[in-house]
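Each chain, written out:
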Amino acid sequence: MENFVYANPTKLVFGKNVISQIGDELKSANISKVLMLAGGGSIKKNGVYDEFTNSLKSRSIDIFELWGVRPNPALEHAEEAIDIIRKNGIQAIVAVGGGSVIDEAKAISIGVDAESLWAIYERREAPKSALPIYTILTISATGSEMNSGAVLTNYKEQKKWPYGCPLMYPKVSYIDPSKQYSLPWNQTVNGAIDAISHIMENYFVMGAAQETVVSYNESLMRSMVKHTNVLQKEPENYDARANFAWIATMALNGYSGIGVNGGDWATHMIEHGISALYPHVAHGEGLAIIFPAWIDYMKDSKPEFFTAWAKNVWNKDSVADGIEAMRAQYKAWGSPTRLSDINIKKENLEAIADNILELSRPGKLKSFDKADIMNILNLAL
Ligand code: NZQ
Ligand code: ZN
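A. View of empty space enclosed by the protein. The full count for this structure, using the stated rule, is one cavity of 30 Å³ or more. For the largest cavity, the calculated volume is near 90 Å³. Contributions of two or more residues to the lining of the largest cavity are made by β7 (159-164), α10 (266-277) and α14 (349-357). Tallied by class, residues from the lining of the largest cavity come to four nonpolar, four polar and one charged.

Here it is, written out as structure tokens:
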């Protein structure tokens with residue numbers, strides 16, 4: 001077990017009808033003017049918007065609304081928000097939506113006091129301060145509600161890059177799992193696959209030294225499969241939604257990575273390269289395609305560990321059968337599992353590999369060069 005510090009400063013408020021508490025929370029922080037950031041409108045259909053605005057209005061807190069955050073949030077939209085905040089003396093951002101809305105809020109929060117937001121993402125400028133962020137999560141997937149990372153896309157340059165620093169932790173996050181009843185099935189699936197992938201990014205760099213963490217990570221993965229299967233038949237099963245939500249938060253709030261100094265993350269970096277060039281590809285879909293190929297490519301690097309994964313998570317005796325079980329499960333949920341399913345062909349692969357390497361070489365179990373990335377992409381065809 002490597003040395004670690006476990007401190008997560010985000011307060012999480014979880015359960016039915018918790019959203020209405022946000023007005024009191026903001027009032028107690030002396031906040032009287034906020035920017036509400038939201039996506040394409042789902043929050044107006046499932047009651048989240050009304051619950052949120054009523055709570056703030058009853059505490060006389062002014063709300064500036066900015067809609068239109070897209071899945072894979074855009075630098076230009078974040079810059080628009082920064083402008084609104086600077087002109088109106090806004091004191092905090094409330095992100096109401098999924099990982100895309102929360103990530104954009106985090107980027108905005110450090111961009112307000114910066115020369116150039118994109119320069120921070122390019123590591124040419126360091127963030128000086130951040131506006132406080134509050135989140136109301138409507139889709140459990142990324143863990144962004146309780147971590148300090150945010151992925152932003154510069155569409156002009158076709159770069160989808162992550163950035164993170166302690167300033168970017170949300171102050172308070174609200175999760176009412178019943179507000180996820182309205183999710184289209186494919187978004188629930190994307191969330192499940194993203195959470196399982198976050199656990200695997202940490203899990204596969206572990207070994208006997210992290211036995212406790214390995215064991216609860218296996219349990220979290222099995223549980224996520226179980227509750228997603230329940231939701232496929234009963235989308236309004238509260239306990240399944242609640243378990244799903246808590247697993248997704250734990251998958252990327254530090255808990256699943258205890259005792260290793262950072263996970264592998266090559267699969268994530270490869271997925272970001274794919275959705276930088278093909279923005280219609282959802283994050284969870286890209287992971288469903290790349291992770292089985294990554295496991296296939298890396299399985300001989302520590303065969304006993306990968307065999308234990310196949311047995312303990314998928315109840316299979318070989319890694320090959322474990323990979324097939326994972327692919328079959330993702331397919332049964334309706335997810336693509338091959339690049340050909342999303343119309344990406346052999347001749348497109350080199351541009352994806354080049355895009356990924358513009359940021360850095362991905363991977364911890366093995367630091368990947370272009371040939372490694374091409375091999376994985378070919379296995380995913
Ligand atoms: O825009 P609206 O209308 O709200 O619709 C959204 C969106 O179309 C819809 N949705 C959300 N909650 C809903 C709902 N529809 C009905 N009912 C609800 N309750 O779902 C769609 C997807 O939302 P999005 O926020 O894009 O999904 P997700 O949470 O999966 O976020 C994906 C983004 O997060 C990044 C991804 O790369 C991607 O850009 N990631 C962020 C991470 C982090 N900050 O830690 C880590 C992840 O690995 C990931 O890279
Ligand atoms: Zn992810």
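B. Just the environment of Val101, in detail. Along the chain, Val101 turns up in helix α5 (residues 99-111). A C-alpha to C-alpha distance of 9.9 Å links Val101 and Ala150, two positions 49 residues apart in sequence. In this view, Val101 contacts Leu37, Ala38, Gly39, Val69, Ala95 and Val96; residues no more than four positions away in its chain are not counted.

C. Focus on the pattern of salt bridges. By the definition in use, this model includes 17 salt bridges. Among the salt bridges present, the one from Asp176 reaches Lys179, with a minimum N-O distance of 3.4 Å. In terms of burial, Asp176 and Lys179 fall into one category: buried. For Lys370, the salt bridge goes to Asp354, with nearest N and O atoms at 2.9 Å. Pair noted here: Lys370 is in helix α15 (residues 370-379) and Asp354 is in helix α14, with a separation of 16 residues, a long-range link. Residue classification places Lys370 among the partly exposed residues on the basis of a relative accessible area of 27%. Linked by salt bridges that have partners in common, Glu122, Arg124, Glu157, Lys159 and Glu358 make up one network.

D. Structural view of the site of ligand 1. The environment of ligand 1 is formed by 32 residues, the closest being Gly40, Ser42, Gly99, Ser100 and Asp103. In this structure, a nitrogen atom belonging to ligand 1 sits 2.7 Å away from a side-chain N or O atom of Asp103. Side-chain polar atom of His283 to an oxygen atom of ligand 1: 2.9 Å apart, as the coordinates give it. When ligand 1 is considered free in solution it has 960 Å² of accessible area, and contact with the protein chains removes 88% of it. When residues of the shell around ligand 1 are traced back to their parent elements, those giving at least two are α5, β6 (149-154), α7 (185-203) and α10. When its residues are assigned to classes, the shell around ligand 1 shows eight nonpolar, 20 polar and four charged.

E. Here's a closer look at the side chain of Lys160. By the element assignment, Lys160 lies in strand β7. Side chain to side chain, Lys160 and Ser275 meet in a polar contact 3.1 Å long. Sequence-distant contacts of Lys160, that is, excluding residues within four places in its chain, are made with Asn72, Val151, Leu152, Thr153, Glu271, His272, Ser275, Ala276 and His283.

F. Summary view of the packing of helix α11 (residues 283-298) against helix α13 (residues 319-332). Closest axis-to-axis distance for the α11/α13 pair is 10 Å, and the angle between their directions is 175°. By the criterion of interaxial angle, the relationship of α11 to α13 is roughly antiparallel. Every residue of α13 that contacts α11 at Ala288, Phe291, Pro292, Ala293, Ile295 and Asp296 is listed here: Val319, Ile323, Met326, Arg327 and Tyr330. Residues of the contact of α11 with α13, tallied by class, amount to nine nonpolar, no polar and two charged.

G. Representation of the sheet that holds strand β1 (residues 11-14) within the structure. Read across the sheet, six strands follow the order β1-β8-β5-β4-β2-β3 without closing on themselves; strand pairing throughout is parallel. A single partner strand is all that each edge strand has here, and the edge strands are β1 and β3 (62-66). The mean inter-strand angle of the sheet, taken between neighbouring strand axes irrespective of direction, is 20°. Pairing between strand β2 (residues 33-38) and β3: five bridges, direction parallel. For Leu37, the partnering residue across the bridge sits in β3 and is Leu66.

H. Structural detail: unusual backbone geometry. The residue Asn30 is not glycine, and still its phi comes out positive at about 60°. Relative to the elements of secondary structure, Asn30 occurs in the loop between α1 (22-28) and β2. Under the relative-accessibility criterion, Asn30 is labelled exposed at 65%. Phi at Asn343 is positive, roughly 65°, even though this residue is not glycine. Within the fold, Asn343 resides in the loop between α13 and α14.

The rules we used
- Residues numbered from 1 in each chain as written.
- Chains lettered and ligands numbered in written order.
- Predicted model: local features only at pLDDT ≥ 70, side-chain atom pairs only at ≥ 80, totals over all residues.
- Heavy atoms only, no water.
- 1 Å grid on protein atoms, 1.4 Å probe; cavity = no way out; pocket = protein on both sides within 12 Å on 5 of 7 lines; lining within 4 Å.
- Points joined across faces, edges and corners; volume = space filled by probe spheres on them.
- Helix = DSSP H or I, 4+ residues; strand = E, 2+ residues; numbered from the N terminus.
- Nonpolar A, V, L, I, M, F, W, Y, C, P; charged D, E, K, R; others polar.
- Contact = heavy atoms within 4.5 Å.
- Salt bridge = Lys/Arg side-chain N within 4 Å of Asp/Glu carboxyl O.
- Buried < 20%, exposed > 50% of the residue type's maximum accessible area, 1.4 Å probe, protein only.
- Near = heavy atom within 4 Å.
- Polar contact = N/O pair within 3.5 Å; in protein donor to acceptor, adjacent residues only side chain to side chain.
- Areas by Shrake-Rupley, 256 points an atom, 1.4 Å probe, with all protein chains shown as cover.
- Axes fitted to C-alpha atoms, helices over the stretch in contact; angles between N-to-C directions.
- Parallel < 35°, antiparallel > 145°, perpendicular 65-115°, else oblique.
- Pairing = 2+ DSSP bridges.

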